[in-house]
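Examination of the molecular architecture
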Amino acid sequence: MLIIKDISHLKLYLKAYQEKGYSIGYVPTMGALHQGHGKLLKQSQNDNQKTVMSIFVNEKQFNKKEDFDKYPRNKGRDYDFCESHNVDVIFEPSSEEIYPDDKPILKNKYFQNILCDRFRPGHFDGVTTVLNEFFSIVHANKVYFGQKDYQQLKIVEKFIEEKFSNLKIISIPTERQEEGIAYSSRNENLSKKQLQEFIDFHNSVIQFTKSFDKKIQIKEANTLAKNFITNLVDQEFDYFEFRNANSLEIEGDISDARLFYAIYKGQTRLIDNIEL
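Residues numbered from 1 in each chain as written. Predicted model: local features only at pLDDT ≥ 70, side-chain atom pairs only at ≥ 80, totals over all residues. Heavy atoms only, no water.

**Observations regarding the pairing of strand E9 (residues 268–275)**
The line we're drawing: Three exposure classes are used, based on accessible area relative to the maximum for each residue type with a 1.4 Å probe and protein chains only: buried under 20%, partly exposed in between, and exposed over 50%. Note on conventions: DSSP H or I runs of at least 4 residues are helices, E runs of at least 2 residues are strands, and numbering of each starts at the N terminus. Between any two strands, at least two bridges found by DSSP are needed for them to pair.
By the criterion of burial, E9 is predominantly enclosed, with seven of the eight residues buried. Taken together, the eight bridges between strand E8 (residues 257–265) and E9 define a ladder with antiparallel strand orientation. Within E9, the position partnered with Lys265 by the bridge is Thr268. The antiparallel pairing of E8 with E9 creates a hairpin that spans two residues between the two strands, and Gly266 there sits at a positive phi of about 65 degrees.

Right under this line is the structure:
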């Protein structure tokens, strides 16, 4: 396993791989690795001769500096995780390496003013900005994203279609813990009590999604969703709503929809989506 921290050395290794005709898979991360990342790696290794994982906590996608500062980091554990999952190359650059001369922010223009884009203004600008840099550096054949950050996935699909047409994006279903919640780096910030409350909430949501006719319209389902969260005690949400899985609109019937939520446990914001 190679750990590379500068662009020039990474490009040397990638050029050698490319000259041998190797297919290169790329898994972008912000570290705090878990089994959700492991699932992405496994698929990349099935699809490609070499897999590159980047570890880079991107300050430009955080709305508040305190959120950036408290994002979980454990470099030693991440290295052990990568080694146990047979990662070929870890690319772990500094902010100065990725953003020389304070490069301008790219403006996201897809799926705007809904879900996380509405409540985290500028977040997806930071996501597309950093991915523009990494995609340009790595020149992978395929890149792997999970479906937990579903709006991000849809935005990146559009971004790649427009700017990196030779790059194929592979969408991987959310990896879940035995209790049902998605693996997430932010779960590390929860107390035991908060974690159990979140598990109980998520499982109640699963039961809610099974409780009504799947032929109803999304707008009608959202009325039921509003009633559901109104009856919950001491829960803070940014959103809890059904949207079409392709367009992210609130039109159409529920059979083509997902339920999206963003809930707070203390200061920790947790997102997920449920395929019906």
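Moving on from the coordinates now.
**Topic: the environment of Glu275**
Here Glu275 lies in strand E9. Owing to a relative accessible area of 58%, Glu275 belongs among the exposed residues under this scheme. Taking the C-alpha atoms as reference points, Glu275 and Thr209, separated by 66 residues in sequence, lie 9.3 Å from one another.

**Thoughts on helix H1 (residues 7–19)**
This is how the line gets drawn: For a helix, the expected span equals 1.5 Å multiplied by the number of residues minus one. Note: the arc covers the axis-to-C-beta directions of the helix. Contact definition: two residues touch when any of their heavy atoms are within 4.5 Å.
Here H1 is 13 residues long and its end C-alpha atoms lie 18 Å apart, about the 18 Å a rise of 1.5 Å per residue gives. Buried within H1 we find Ile7, Leu10, Leu14 and Tyr17. For H1, the angular spread of the buried residues around the axis is 85 degrees, confining them to a single face. Among the exposed residues of H1, those oriented more than 90 degrees off its buried face are Leu12 and Glu19. At its buried positions, H1 is contacted by strand E1 (2–4), strand E2 (24–29), strand E3 (50–55), strand E4 (89–91), helix H5 (95–98) and helix H7 (123–138). Backbone geometry just after H1 places Gly21 at a positive phi near 80 degrees.

**Remarks on the packing of aromatic side chains**
Applied cut-off: Stacked, tilted and edge-to-face pairs are distinguished by plane angle, under 30 degrees for stacked and over 60 for edge-to-face with tilted covering the rest, among Phe, Tyr and Trp rings (Trp via its six-membered ring) whose centres lie within 6.5 Å.
For the coordinates displayed, the defined rule picks out 24 aromatic pairs. Centroid distance Phe56 to Phe134: 5.6 Å. Interplanar angle 55 degrees. Geometry classified as tilted. Taken together, the residues span a long stretch of sequence, with Phe56 in the loop between E3 and helix H3 (65–70) and Phe134 in helix H7 at a distance of 78 residues. Accessibility assignment for this pair places Phe56 and Phe134 in one class, buried.

**Looking at the sheet that holds E8**
The condition that has to hold: Interaxial angle, 0 to 180 degrees, is taken between N-to-C directions of lines fitted to C-alpha atoms, where a helix line uses only the stretch in contact.
Spatial strand order, E7-E8-E9: three strands in an open sheet with antiparallel pairing. Each having just a single partner strand, strand E7 (236–244) and E9 make up the two edges of the open sheet. The sheet shows a mean angle of 10 degrees between the axes of neighbouring strands, taken without regard to direction. The sheet contact formed by E7 and E8 spans eight bridges and is antiparallel.

**Remarks on the side chain of Asn108**
Note the following rule: Any pair of nitrogen or oxygen atoms within 3.5 Å is treated as a polar contact; in protein, a donor-acceptor pairing is required on top of that, and neighbouring residues in sequence qualify only through side-chain atoms on both sides.
The residue Asn108 is located in the loop between H5 and helix H6 (115–119) in this model. A distance of 3.0 Å separates a polar side-chain atom of Asn108 from the backbone oxygen of Tyr110. Excluding its chain neighbours within four sequence positions, the residues that come into contact with Asn108 are Asp117, Phe124, Asp125, Thr128 and Ile155.

**Some remarks on the side chain of His202**
Looking at the element boundaries, His202 is found in helix H9 (residues 192–209). According to the relative accessible area criterion, His202 is buried, its value standing at 1%. Engagement of the side chain of His202 in a polar contact is seen with the side chain of Tyr261, the distance being 2.8 Å. Setting aside residues no more than four positions away along its own chain, His202 makes contact with Arg176, Gly180, Ile181, Tyr261, Asp272 and Ile274.

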